[in-house]
Every structure is written in C-alpha cells, then in structure tokens.
Amino acid sequence: MSVVSYDLNKSPIGIFDSGIGGLTVVKAIQAALPFERIVYFGDTARVPYGPKSQVAIRKYAADDTAILMRYQPKMIIVACNTVSALALDVVEKSCGHIPVIGVLKAGASMAVQVTKNQRIGVIGTQATICSNAYACAINELDADIEVISQACPLFVPLAEEGFVNHPATKLVAEHYLADLRKENIDTLVLGCTHYPILRQVIGETVGSGIRIIDSAEAVALKTSELLTESAMLNRSQKASVPHLLVSDLPQKFSNLYQLFMGSEQPDVDLVEV
C-alpha cells in the first residue's frame, strides 16, 4: 500500500488548454507547488476553441484528456474556460477516479469572495460567454450578485502571437472593454487562461480600482488545498521542468514559453490528436 501511495505522490499533474494560455496555470502551479511534476498539453493544431461548436469542444476535451492519461497523472486541471464551461463532465468521465479541477468554478468562487459592490464583470471566449456558465456559477454562490459578461474573441489570437503590448491589442481592448467601464463593476474575471498574458493592457483599459481575478491563481490555490487534504503532495524537494506537449508548431510554442515563463527554452514534444 505504501508503494502505491508513493507512486501516486510522484505522479504528475496533467494540465491542458487549447494553446499557450494554460501556461498561466502552469506558472501559478509552479509558484504554489514548486516540487510537483507537470505534464502540459497545448492543442495548438486546433486553437482557438472559443468559436467552435459544443460538439467539437466536447470531442477535443476527450482527446486532450486521453493524451494526458498516458502519463498516469494524479489529477487533471482543465486550463481552458471553454472546456470548463461546456465539457467538464467529459473530462471527468474520461479520467475515471482521479480528481479534476476546472478553471471556471475556481475563478467564480474567488470573484464572489472579493467583490464589495456585488457587480462582477466577466470576459471570455464566445463559447464561454454564450454558455452563461460564469454567471450561473457566481449566482449559485450568491444570487444577489450582478454579472456583466463580454466576449473578447480576438484576445486569444493576440496572446498566441505574443502581442503583449502591441498597439493592436490596446485598440482591441478599448473596443471590447469600453461598455464594461460604464457598468460600475469592482471585479473583473479573466474568463480565459490566455487573458492573463494580456493582463497589463486589460488592467490599464478598465482602469485602476477594479480587482482583476486571474483564474490561474485561483486554480493553483485549489490544487494546493486538494493535494494537501488528500496527502498527494510530491515529497521530493527537487523542482522539475514541465513536460510540454503540443499538437502543432512546437518551435513557436517553445519560443512563446520562454517569453511568458521567463525561463530557458524547453523541449516540446509533438503529439497527434
């Protein structure tokens, strides 16, 4: 029994997203749990997920989970708000008994905890916003909170191109967020894991005084709590480099990883989906 427990502790955390956005989750997990092994899959061949149909998104969720399950993870983190909104049940069914954490509920919970005036803004992909999943998750926790949602589909390709402070990004942010500024929100949920890559531009556009909720940070906190409570923390005192997998353009992904993570250029493996 002790051998099984030891193997489980040393098993990796599996994380997937449609592209580079989930690296914001990887970074937050590394900061909170530096000794955990991580296997990350970015579905760069099929990014973005946001404009796709629910049928396609649910198929992608099953494919992505199957790829990570080859590495015998001790838990799966769905670092994609679109999948969290529309296909979390597919992931849970695909990976059996191991725990699954979706970014959506973690982000919604943190937003409810910090809002003071009960007015929360949510920005996300078209699929996430149309699903109304954030509003439902927030109102399940507090029915009196007003949720104002805005789809920002161009933020994903801008993040994927590394346009962190590009003039085009500032123009697009101004276009998407102008109406939200008039809604008297005090909290803004970044309802897509790509969006923290553009956090500076988003923050400058909505203005100071608005608390920005990065769901990656919320997921890292939830992951730490879950692994601690279930005694599944890796007891090793040695940090390891994440094992990175993509479905297309490994060199581009490697370059972007270096840009966003501020670390050496890693090896990236190409896998078929």
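Here, the structure is the one placed above.
The paragraphs below set out a description of the structure included in this document. (Residues numbered from 1 in each chain as written. Predicted model: local features only at pLDDT ≥ 70, side-chain atom pairs only at ≥ 80, totals over all residues. Heavy atoms only, no water.)

### Points about the sheet that holds strand β3 (residues 75-78)
The condition that has to hold: By the convention used here, strands pair only if DSSP detects at least 2 bridges between them. The way it works is that DSSP assigns letters per residue, a run of H or I at least four long becomes a helix, a run of E at least two long becomes a strand, and they are numbered from the N terminus. Between the N-to-C directions of two axes lies an angle of 0 to 180 degrees, each axis being a line fitted to C-alpha atoms and, for a helix, fitted only over the stretch in contact. Contacts are assigned to residue pairs with any non-hydrogen atoms lying within 4.5 Å of each other.
Read across the sheet, 6 strands follow the order β4-β3-β1-β2-β9-β10 without closing on themselves; strand pairing throughout is parallel. The open sheet is flanked by β4 (100-102) and β10 (268-270), the only strands paired with a single partner. Strand-to-strand twist across the sheet, computed as the mean angle between neighbouring axes with direction ignored, equals 20°. Those strands touched by helix α3 (residues 54-69) are β1 (13-17), β2 (38-42), β3 and β9 (243-246), and its axis lies near 150° from that of β1.

### Some thoughts on the layout of surface pockets
Rules: Of the two site types, the cavity is a set of points on a 1 Å grid over the protein atoms alone where a 1.4 Å probe fits but cannot get out, and the pocket is an open set with protein on both sides within 12 Å along at least five of seven lines, each lined by residues with an atom within 4 Å of a point. Grid points are joined across faces, edges and corners, and a volume is the space filled by probe spheres set on the points. Under the grouping applied here, Gly and all other residues not named as nonpolar or charged are polar, the nonpolar ones being Ala, Val, Leu, Ile, Met, Phe, Trp, Tyr, Cys and Pro and the charged ones Asp, Glu, Lys and Arg.
Size it by volume and the largest pocket reaches roughly 470 Å³. Forming the boundary of the largest pocket are 22 residues, of which G102, K105, A106, S109 and K222 lie nearest the centre. Listed by contribution, the elements that provide at least two residues to the lining of the largest pocket are α4 (81-86), α5 (88-94), β4, α6 (103-114), α8 (133-141) and α12 (215-229). Here the lining of the largest pocket gets 6 residues from one element, more than from any other, and that element is α6. Broken down by class, the residue content of the lining of the largest pocket amounts to 13 nonpolar, 4 polar and 5 charged. Looking at the second largest pocket, its volume works out to about 200 Å³. Forming the boundary of the second largest pocket are 13 residues, of which T24, K27, P196, I197 and F260 lie nearest the centre. Taken together, the elements giving at least two residues each to the lining of the second largest pocket come down to α2 (23-32), α12 and α13 (250-261).

### Here we look at the pairing of strand β7 (residues 187-190)
To keep it simple, the criterion reads: Under the scheme applied here, a residue whose accessible area is under 20% of the maximum for its type counts as buried, over 50% as exposed, and between as partly exposed, the area being computed with a 1.4 Å probe on protein chains only.
Alternating positions in β7 separate into two faces, T187 and V189 on one and L188 and L190 on the other, with burial throughout. Of the strand pairs in this sheet, strand β5 (residues 119-124) and β7 are connected by 4 bridges, and their pairing is parallel. Residue pairing in the sheet places V122 in a bridge with V189 of β7. In the sheet, β7 pairs with strand β8 (residues 211-214) via 4 bridges, with the strands oriented parallel. Counted as the bridge partner of L188 is I212 from β8.

### Topic: the side chain of S254
Take S254: it is sitting in helix α13. If we skip the residues at most four places from it in the chain, S254 touches Q265, P266 and V268.

### Quick look at the nonpolar core
Test applied: What makes a nonpolar core is a set of buried Ala, Val, Leu, Ile, Met, Phe, Trp, Tyr and Cys residues whose side-chain atoms join them at distances within 4.5 Å.
Ranked by internal contacts, the top residues of the largest apolar core, which has 74 residues, are I15, I123, F155 and I202. The greatest single-element share of this core, amounting to 8 residues, is contributed by α6. Discounting residues that sit within four places of it in the chain, F155 has contacts with I123, V172, A173, Y176, Y195, L198 and I202. Among the nonpolar cores identified, the runner-up in size contains 25 residues, and A61, I67, L68 and A87 belong to it.

### Overview of the packing of aromatic side chains
Operational definition: Note on aromatic pairs: the rings of Phe, Tyr and Trp (six-membered ring only in Trp) are paired at centre separations within 6.5 Å, and the planes decide the class, stacked below 30 degrees, edge-to-face beyond 60, tilted for the rest.
Inspection of the entire model under this criterion finds 4 aromatic pairs. Between the aromatic rings of Y49 and Y60, the centroid separation amounts to 5.0 Å while the plane-to-plane angle is 45°, which identifies the pairing as tilted. With a gap of 11 residues between them, Y49 in the loop between β2 and α3 and Y60 in helix α3 connect regions that are remote in the sequence. Given a relative accessible area of 12%, Y60 falls into the buried group. Centre to centre, the rings of F155 and Y176 are 5.3 Å apart; their planes meet at 85°, and the pair counts as edge-to-face. Highlighted residues: F155 in helix α9 (residues 155-160) and Y176 in helix α10 (residues 167-181), separated in sequence by 21 residues. An aromatic cluster is present here, built from F155, Y176 and Y195 joined pairwise through their rings.

### Here's the deal with the packing of α10 against helix α11 (residues 199-206)
Condition: In this scheme, roughly parallel covers angles under 35 degrees and roughly antiparallel covers those over 145, while 65 to 115 is roughly perpendicular and the rest are oblique. If you view the pair so one helix is near and one far, a crossing is left-handed when the near helix is turned anticlockwise from the far one by less than a right angle, and right-handed when it is turned clockwise.
Close contact between α10 and α11 brings their axes to 9 Å; oriented N to C, the two are set at 45°. Compared by their axis directions, α10 and α11 come out oblique. For the pair α10 and α11, the crossing hand works out as right-handed. Here T169, K170, A173, E174, L177 and R181 of α10 come into contact with α11, specifically with V201, I202, T205 and V206. Taken together, the residues that form the contact of α10 with α11 break down as 5 nonpolar, 2 polar and 3 charged.

### Regarding unusual backbone geometry
Between V47 and P48 the backbone carries a cis peptide bond, its omega angle lying at 0°. Here the phi dihedral of A231 falls at roughly 55°; this positive angle occurs in a residue that is not glycine. One can find A231 in the loop between α12 and β9.

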